[in-house]
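Given next are the chains, with one letter for each unit.
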Amino acid sequence: MTATHTLRVPGAQLHYEVRGAGPLLLITGSPMEAEAFASLADALASDHTVVTHDPRGISGSTLDDPEEDTLPDRRADDVAAILDALGADTADVFGSSGGAVTGLALVARHPDRVRTLVAHEPPIMEILPDAAEQRAKTEAIIETFHKEGQGAAWMKFMAVAGFVTEGGESAEIGEGGEGGEGAADGPFGEPTEQDLANGARFFGHDLRGTARYVPDIAALTAAPTRVLVGIGADSQGLITYRTSTVLAELLGTRPVEFPGDHAGFLGDPKGFADALRNTLTS
């Protein structure tokens, strides 16, 4: 059984869900919402209390000011507020993509709240040697959104991420066919009104702040939290493979391999859950 809750935080009303029983595990994404992690959460709920949520401005988590730009630090404070609402001093945290960036900010800002963070493929471009080039690509995606709309912006985003070529053909990066973050959130096919609203939020207010986030390596290594970097077994062609590898090097750790690519939890939620379970208990 899944229990749904709302929580008032500064500037927003958050939607979050709780299922299962056992040690507390919070799963966070950005821009992916709670629904995208439902299968993974179900697979973990037999031995964990699993919390998923919609990040502020996405799906059921509404903003007082729809024009507010959302930064990882603000999302991290939202996660800490959810832990407060649950009466939880600490939790394990799995963050994927932009949610991994949220997790890094959470450990830096609230280090005593996280036992283990698994940061799965965070798109933190500023740590790359070609950060200036990547920053320009991010700005080009945002400009495309404002000038040409979401369809063109998603195609440019997927090309920069490595999921498709510049000509729009699918890249050969894995066998699972999971697709990338954008595919998981529904930019292709026939999008719903909520898909369109979430996409507009992502391109207009979330993407820049996430891509430009600079992790506080000193704070992450000094925290009592065990910080692990997750990387997809089939992600070699993706920009997040590069960012994850560099982050692990900066932290002095080795990446932890998970099934699939950037959204491997969609293609094989049970296998992904087993890998995450093993990682948390190892």
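All values derive from a computational prediction rather than experimental measurement.

A. Here's a closer look at the packing of aromatic side chains. If you walk through the whole model with that rule in mind, you get 12 aromatic pairs. Centroid distance F94 to F258: 6.3 Å. Interplanar angle 55 degrees. Geometry classified as tilted. Placement of the pair is F94 in strand β6 (residues 91–97) and F258 in strand β9 (residues 256–258), with a sequence separation of 164 residues. Across the pair, exposure class does not vary: F94 and F258 are buried alike. Measuring from ring centre to ring centre gives 5.4 Å for F157 and F202, while their planes differ by 85 degrees; the resulting arrangement is edge-to-face. Placement of F157 in helix α5 (residues 150–161) and of F202 in helix α7 (residues 193–211) is noted, with a sequence separation of 45 residues between them. By relative accessible area, which is 5% here, F202 ends up buried. An aromatic cluster is present here, built from F37, F94, F258, F265 and F272 joined pairwise through their rings.

B. Structural view of the confidence of the model for the chain. Across the chain, the average pLDDT comes to 92, with 91% of residues at or above 70. Confidence over residues 172–187 falls short of pLDDT 50; this stretch has 43 contacts with residues more than four positions distant or in other chains.

C. Structural context of the packing of α5 against α7. Contact pair α5 / α7: the axes reach a minimum separation of 11 Å and the direction vectors enclose 60 degrees. Relative to α7, the element α5 is oriented oblique. Read as a crossing pair, α5 and α7 show a hand that is left-handed. Between α5, through Q150, A153, W154 and F157, and α7, the contact on the second element is made entirely by D195, L196, G199, A200, F202, F203 and L207. Of the residues contributing to the contact of α5 with α7, the split by class is eight nonpolar, two polar and one charged.

D. Just empty space enclosed by the protein, in detail. All chains considered together, the criterion is met by two cavities of 30 Å³ or more. Looking at the largest cavity, it is lined by 19 residues, and the ones nearest its centre are P123, M125, F157, A161 and L207. Contributing elements (two or more residues each) for the lining of the largest cavity: α4 (131–148), α5, α7 and α9 (239–251). For the lining of the largest cavity, the leading source of residues is α7, giving four residues. Along the lines of polarity and charge, the residues of the lining of the largest cavity split into 11 nonpolar, seven polar and one charged.

E. View of the side chain of Q134. Along the chain, Q134 falls in helix α4. Residue Q134 is classed as buried on the basis of its relative accessible area of 4%.

The rules we used
- Residues numbered from 1 in each chain as written.
- Predicted model: local features only at pLDDT ≥ 70, side-chain atom pairs only at ≥ 80, totals over all residues.
- Heavy atoms only, no water.
- Phe/Tyr/Trp six-rings, centres within 6.5 Å; stacked < 30°, edge-to-face > 60°.
- Helix = DSSP H or I, 4+ residues; strand = E, 2+ residues; numbered from the N terminus.
- Buried < 20%, exposed > 50% of the residue type's maximum accessible area, 1.4 Å probe, protein only.
- pLDDT = per-residue confidence, 0-100.
- Contact = heavy atoms within 4.5 Å.
- Axes fitted to C-alpha atoms, helices over the stretch in contact; angles between N-to-C directions.
- Parallel < 35°, antiparallel > 145°, perpendicular 65-115°, else oblique.
- Left-handed = near helix turned anticlockwise from the far one by under 90°.
- Nonpolar A, V, L, I, M, F, W, Y, C, P; charged D, E, K, R; others polar.
- 1 Å grid on protein atoms, 1.4 Å probe; cavity = no way out; pocket = protein on both sides within 12 Å on 5 of 7 lines; lining within 4 Å.
- Points joined across faces, edges and corners; volume = space filled by probe spheres on them.

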